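Chain and residue survey
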Amino acid sequence: VQLLARARHENVVAIHEADTDGVTSWFAMDLVDGEPLDRVLQRGRLPLERALRLTVGVARGVEALHALGIVHRDLKPQNVIVTADDRPVVIDLG
């Protein structure tokens, strides 16, 4: 979790704090206000420029994670939130 907390990128959810009591683990992260990418895609095909912009944003977020040696291992449309300003944010890093 400490490594995840170092991943500061506009396309990756920010993690601020974490702890465990030996039984339960938790971490606090930003609330990303938006809509999961899978719901966006359910409404139909995206215009090419928007699809490319979202894809590049996700790739940049994943690149930032990889630069720290982090592999997401569950990257899928449900784990990408599209914000009101159309910025994709990779979530579910746990």
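The coordinates are above.
Reading guide: rules and limits
Residues numbered from 1 in each chain as written. Predicted model: local features only at pLDDT ≥ 70, side-chain atom pairs only at ≥ 80, totals over all residues. Heavy atoms only, no water. Pairing = 2+ DSSP bridges. Helix = DSSP H or I, 4+ residues; strand = E, 2+ residues; numbered from the N terminus. Axes fitted to C-alpha atoms, helices over the stretch in contact; angles between N-to-C directions. Salt bridge = Lys/Arg side-chain N within 4 Å of Asp/Glu carboxyl O. Buried < 20%, exposed > 50% of the residue type's maximum accessible area, 1.4 Å probe, protein only. Contact = heavy atoms within 4.5 Å. Polar contact = N/O pair within 3.5 Å; in protein donor to acceptor, adjacent residues only side chain to side chain.

Focus: the sheet that holds strand 3 (residues 34–36)
- Ordered in space as 3-4-5, the three strands form an open sheet in which the pairing is antiparallel. Sheet topology places strand 3 and strand 5 (88–90) at the edges, where each strand pairs with a single neighbour. On average, each strand axis in the sheet is tilted by 30° relative to the strand beside it, whichever way the strands run.
- Two strands pair when backbone bridges link them, and strand 3 and strand 4 (residues 80–83) are joined in this way by three bridges, in the antiparallel orientation.

Let's talk about the pattern of salt bridges
- Under the defined criterion, the tally for this structure stands at four salt bridges.
- Where Arg50 meets Asp86, a salt bridge forms, and the shortest distance between an N and an O atom there is 2.7 Å. Of the two residues, Arg50 sits in helix 3 (residues 48–67) while Asp86 sits in the loop between strand 4 and strand 5, which places them 36 residues apart along the sequence.
- By relative accessible area, which is 21% here, Arg50 ends up partly exposed.
- Where Asp74 meets Lys76, a salt bridge forms, and the shortest distance between an N and an O atom there is 3.6 Å.
- Of the residues examined, Asp74 reaches a relative accessible area of 32% and is grouped as partly exposed.
- Overlapping salt bridges bring together Arg50, Arg53 and Asp86 as one network.

Topic: the environment of Trp26
- Examined against the element boundaries, Trp26 turns out to sit in strand 2 (residues 25–29).
- The sequence separation of Trp26 and Arg87 amounts to 61 residues, and the corresponding C-alpha distance is 26 Å.
- Apart from the residues lying within four places of it in its own chain, the contact partners of Trp26 are Glu17, Ala18 and Asp19.

Regarding the pairing of strand 2
- Bridge count for strand 1 (residues 15–20) against strand 2 is five bridges, and the pairing is antiparallel. Paired with Thr20 across the strands is Ser25, a residue of strand 2.
- In textbook terms, the turn of a hairpin is the stretch between consecutive antiparallel strands, and for strand 1 and strand 2 this stretch comprises four residues, one of which, Gly22, has a positive phi near 95°.

Some words on the side chain of Asn11
- For Asn11, the position within the fold is in the loop between helix 1 (2–5) and strand 1.
- We classify Asn11 as buried; its relative accessible area is 3%.
- Here the side chain of Asn11 touches Pro88 through a polar contact of 2.7 Å, landing on its backbone oxygen.
- If we ignore the near neighbours within four places in the chain, the residues touching Asn11 are Gly57, Arg60, Gly61, Arg87, Pro88, Val89 and Val90.

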